[in-house]
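An overview of the molecular structure
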Amino acid sequence: MARWLLPENIADVLPSEARRIENLRRALLDLFRRFGYELVIPPLVEHLDSLLTGSGRELGSKTFQLVDQLSGRTLGLRADMTPQVARIDAHLLNREGVTRLCYSGSALHARPSGIFASREPLQIGAELFGHAGVEADLEVVELMVRALAQAQVGEVRIDLCHMGIVPALLEAYPDELHALDLDVEGLYALLLSKDQPGLAERFGSRRSTAFGKAVLSLPALYGSVGGSHGFALISAARRALPDVSAIHQALGQLERLCASPTWSRFPGVTLSVDLADLRGYRYHNGVSFAAYVAGRPDALARGGGQRDAAVERFGASRERDVDPVGACVGMKGTRVQSIIRELRGEKIDIIQWSDDIVAFATNAISPAKISRVSIVDRSEEHTSELQS
């Protein structure tokens, strides 16, 4: 083999193309800056557990892994920059309110996303943290539309989905995956295939259950919405899916997003909803979107308007009404059990912090009741007594 040959799906960028790419990169970063997004530059390599936080199996299979010769820990070369930006927001900035960040850089994939896809894609994007409303989704989607217009790609079709629908189904019917001998990633793969006969065969006799009917209906819930098309598809989704609060909220978000007058400014954009378009790295916790143009089978741009779930997995949350003890314990104790396993069965107590010493002491010995707290200040050599 010639020494100058590059690995498969890795290529040099020659001068004329490099000039076009760089000009577009600068134009897009200027566009993001005009929208108030601040540029961050994450490192190419990180500890693997940080790099894959909250991302699911798909990102893990794309990530190159190596051992750090200094620490012996496993490192990963980034395959996606979004978890890195979430980490920056959670631990380095940790601001109150809304934070807008943008980024640009090379990623590296252990496996290509498609037959002709590069394993070293140039990733450029913008992330909005700290607001979970439709306004954030609209801002991010509008920014994507303007970025594609800057790239002069022509007419665009945007497929919208909501990443909260399938988790809501799994929460409503928690035993169904076990009965089907499926894990979550397996279910997502079946839905992405959109092979309804194959899905029906995989579900077997359980396709007649409420869960089976709901899942089998998702690939068919696809079509144009808004404008002359109205919202018949979302109405059909409400009839086909179970009466679950989280699903109603998700469909309501999609409907409000599609009904926004913002779209009147972009006559070249067609909106559609595809409730089985679940591609992504599982850090989306709201509306997701993908942009397509004629003649290209793959999405030109993809993302989601809400990233706060990813930020929370890094240990930060802007929600002030989140139960901190419940968040540490996790659903059915999953989070705390993983810690106990690392401690080899050692039991632990999770205590809610409070600046009020009486409240903190009460939390520490709950469910026991206290009648008095004595505070010993050794520096002043006196004792204070407080009634609870």
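Starting from 1, residues in each chain are numbered consecutively following that chain's sequence as written. Where local features are concerned, this predicted model is filtered to residues with pLDDT of at least 70; where side-chain atom pairs are given and counted, the filter is 80 or more; whole-chain, interface and lining totals use all residues. Neither water nor hydrogens contribute to the side-chain values; these are computed over all heavy atoms in the structure.

All right, on to the overall build of the protein chain then. Helix numbers and strand numbers start at the N terminus; a helix is a DSSP run of H or I with at least 4 residues, a strand a run of E with at least 2. A tally of regular secondary structure across the protein chain gives 16 helices and 13 strands. For the protein chain, the proportion of its 388 residues judged to be buried stands at 41%. Considering only residue pairs separated by 6 or more positions, the protein chain has 65% of its internal contacts joining residues 24 or more positions apart. Here the accessible surface of atoms and residues is derived via Shrake-Rupley with a 1.4 Å probe, and residues count as covered only by protein chains that are part of the display. Of the accessible surface of the protein chain, which amounts to about 22,000 Å², a share of 52% is contributed by carbon and sulfur atoms. Exposure categories follow from relative accessible area, calculated using a 1.4 Å probe and restricted to protein chains: below 20% of the type maximum is buried, above 50% is exposed, and the middle band is partly exposed. Here, residues are in contact when the closest pair of their heavy atoms is within 4.5 Å.

Let's shift gears to the sheet that holds strand β5 (residues 99–106). The strand order β1-β5-β6 describes an open sheet built from three strands, whose pairing is mixed. The open sheet is flanked by β1 (38–39) and β6 (122–129), the only strands paired with a single partner. Pairing geometry for β1 and β5, over two bridges, is parallel. Paired with L39 across the two strands is C102, which belongs to β5. Helix α4 (residues 82–93) rests against β5 and β6 of the sheet, and its axis sits at about 135° to β5. For two strands to count as paired, DSSP must find a minimum of two bridges between them. Between N-to-C directions, angles span 0 to 180 degrees; the directions come from axes that are lines fitted to C-alpha atoms, helices contributing only their stretch in contact.

A few words on the pattern of salt bridges. Any carboxyl oxygen of Asp or Glu that lies within 4 Å of a side-chain nitrogen of Lys or Arg is treated as forming a salt bridge with it. For the structure shown, the criterion picks out 14 salt bridges. Close ionic contact of R25 with E22 constitutes a salt bridge, the shortest N to O distance being 2.8 Å. Highlighted residues: R25 and E22, both in helix α1 (residues 15–34), separated by three residues, approximately one helical turn. The class of R25 is partly exposed, set by a relative accessible area of 25%. Classification of E22 by relative accessible area gives partly exposed; the value is 25%. Between E38 and R95 there is a salt bridge, with its nearest N and O atoms 2.6 Å apart.

Another aspect to go through is the packing of aromatic side chains. In this description, an aromatic ring pair is defined by two values, namely the gap between the centres and the angle between the planes. Side-chain rings of Phe, Tyr and Trp (the six-membered ring for Trp) are treated as a pair once their centres are within 6.5 Å; stacked means planes under 30 degrees apart, edge-to-face means over 60, and tilted covers the remaining angles. Throughout the structure, instances matching the rule amount to two aromatic pairs. Residues F203 and F211 carry aromatic rings whose centres are separated by 6.2 Å and whose planes lie at 25° to one another, so their mutual orientation is stacked. Of the two residues, F203 and F211, both sit in the buried class. By the ring-pair criterion, three or more aromatic residues cluster together here, those being Y173, F203 and F211. A cation over an aromatic ring shows up here: K194 above the ring of Y222, its NZ or CZ 5.2 Å from the ring centre. Whether a charge sits over a ring depends on NZ of Lys or CZ of Arg being within 6 Å of the ring centre and within 35 degrees of the ring normal.

The span one expects for a helix is its residue count, reduced by one, times 1.5 Å. Look at α1: 29 Å from first C-alpha to last across 20 residues, which is about the 28 Å you get at 1.5 Å a residue. When α1 is considered as a whole, its buried residues turn out to be L28, L29, L31 and F32. Looking down the long axis of α1, one finds its buried residues gathered within 155° of arc, a one-sided arrangement. Structural note: α1 exposes P15, R19, R26, R33 and R34 on the side pointing more than 90 degrees away from its buried face. If you follow the buried residues of α1, they end up packed against β1, β5, β6 and α5 (134–150). The directions considered for the arc are those from the helix axis to the C-beta atoms.

Examined against the element boundaries, A172 turns out to sit in helix α6 (residues 165–172). For A172, a relative accessible area of 35% gives the class partly exposed. Note: C-alpha distance between A172 and V244 (72 residues apart in sequence) is 7.5 Å.

Packing of α6 against helix α8 (residues 184–193) leaves a shortest axis separation of 12 Å and a crossing angle of 130°. By the angle class used here, α6 and α8 are oblique. When the axes of α6 and α8 are compared, the crossing they make is right-handed. Residues V166, P167 and L170 of α6 touch α8, and the partners they reach there are V184, L187, Y188 and L191. Looking at the contact of α6 with α8 residue by residue, the class counts come to seven nonpolar, no polar and no charged. In what follows, roughly perpendicular refers to angles from 65 to 115 degrees, roughly parallel to angles under 35, roughly antiparallel to angles over 145, and oblique to any angle outside these ranges. By definition, any crossing whose near helix is turned counterclockwise from its far helix by less than a right angle is left-handed, and any crossing with a clockwise turn is right-handed. When residue character is reported, Ala, Val, Leu, Ile, Met, Phe, Trp, Tyr, Cys and Pro are called nonpolar, Asp, Glu, Lys and Arg charged, and the others, Gly included, polar.

In this model, N9 sits at a positive phi of 60°, which is unusual for a non-glycine residue. Note on placement: N9 falls in the segment before α1. For N9, a relative accessible area of 26% gives the class partly exposed. A positive phi angle, near 55°, is found at K194, a position not held by glycine.

Our focus in this paragraph is the sheet that holds strand β2 (residues 45–47). The three strands are arranged β2-β4-β3 in an open sheet whose pairing can be described as antiparallel. Lying at the two open borders of the sheet, with one neighbouring strand each, are β2 and β3 (64–67). Strand-to-strand twist in this sheet, taken as the mean axis angle between neighbours without regard to direction, amounts to 35°. Note: β3 against strand β4 (residues 74–77), four bridges, orientation antiparallel. Residue pairing in the sheet places F64 in a bridge with L77 of β4.

A few words on the nonpolar core. Here, the term nonpolar core denotes a set of buried Ala, Val, Leu, Ile, Met, Phe, Trp, Tyr and Cys residues that are joined through side-chain atoms within 4.5 Å. Formed by 67 residues in total, the largest nonpolar core has its most connected members in F32, I158, L160, L187, L218, W263 and L275. No other element matches α5, which puts ten residues into this core. Each residue touching L275, except ones within four places of it in the same chain, is listed here: C161, I165, L218, L221, A237, L241, L251 and L254. In terms of nonpolar packing, the next biggest core, distinct from the first, is built from eight residues, V40, M81, L101 and F129 among them.

Structural measurements only, silent on function.
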